[in-house]
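Structure at a glance
Letter by letter, the chains look like this.
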Amino acid sequence: SACPRLQALLKKLDTKTFSGNASYRSYHGRIIQTFKMFERQKYKFTDLFVSLGELDCELACASLVAKEPINGNRFCLAEFSAEAKPELSGLGVWNPLIDRARVIANDLDLGGNAENYTPGALLSGPNAGGKSVFLRSFPIAAVLAQSFGIAPAEYFKIKPFQKINTSIDVKDDPSSGESLYSSEC
């Protein structure tokens, strides 16, 4: 039966080869033999490894949400809209690729219910004023929200989407403080 084989594999993994100083002779033979045993039993570990990976991801997301805000910037659990029309609403949304102590958070409310539906926005401001960082922050937050259920924001609500289109051609580096305007000059 498979259970004794699995027990034999676990016994091999519990030898000095894997937990201490093994002799040179025993080391190579045990490694090869254990690898072959594992190879025959690996399909039994698939569900376990998938579950452990999901748990690890959930714990990582929970630890981000539980962390104290830095400069007022934190992660939150995302909410998902049941409205028929697209919706993207965020308070204190910030770009997680920029140091939390330096980044500036922004608010945006697009979509929503039929009474207050806002289909788009016009963004303007001075050169090097943060427009590009703003334009990057919301798609990053949307992808994180839909993928992991968290967003770099005080509050974030989104209607699930299938595609995001963005285009900024010039290479800038907001993490080092270089704006799109600076890199164009």
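Everything numeric in this text was worked out from a predicted model, so none of it was measured. (Residues numbered from 1 in each chain as written. Predicted model: local features only at pLDDT ≥ 70, side-chain atom pairs only at ≥ 80, totals over all residues. Heavy atoms only, no water.)

**Here we look at a nonpolar patch on the surface**
A surface patch of nonpolar side chains, about 490 Å² in accessible area, is lined by Leu48, Phe49, Leu52, Leu55 and Leu59. Here leucine 52 shows up in helix H4 (residues 46-66). (Patch = residues over 30% accessible without salt bridge, like charges linked within 9 Å, V, L, I, M, F, W, Y side chains within 5 Å. Areas by Shrake-Rupley, 256 points an atom, 1.4 Å probe, with all protein chains shown as cover. Salt bridge = Lys/Arg side-chain N within 4 Å of Asp/Glu carboxyl O. Helix = DSSP H or I, 4+ residues; strand = E, 2+ residues; numbered from the N terminus.)

**So, the pattern of salt bridges**
One pass over the full model with this rule turns up one salt bridge. With a shortest N-O distance of 2.9 Å, glutamate 39 and lysine 42 are connected by a salt bridge. The class of glutamate 39 is partly exposed, set by a relative accessible area of 36%. Assessed through its relative accessible area of 42%, lysine 42 is described here as partly exposed. (Buried < 20%, exposed > 50% of the residue type's maximum accessible area, 1.4 Å probe, protein only.)

**Structural notes on the nonpolar core**
Grouped together as the largest cluster of nonpolar side chains are 15 residues, with contacts concentrated most on Phe138 and Phe156. When residues of this core are traced back to their parent elements, those giving at least two are strand E3 (88-93), strand E4 (106-110), helix H5 (131-148) and strand E6 (155-158). No other element matches H5, which puts five residues into this core. Each residue touching phenylalanine 138, except ones within four places of it in the same chain, is listed here: Leu88, Gly90, Val93, Asn106, Asp107, Leu108 and Phe156. Grouped together as the second largest cluster of nonpolar side chains are eight residues, Val65, Trp94, Ile98 and Ile150 included. (Core = buried A, V, L, I, M, F, W, Y, C linked by side-chain atoms within 4.5 Å. Contact = heavy atoms within 4.5 Å.)

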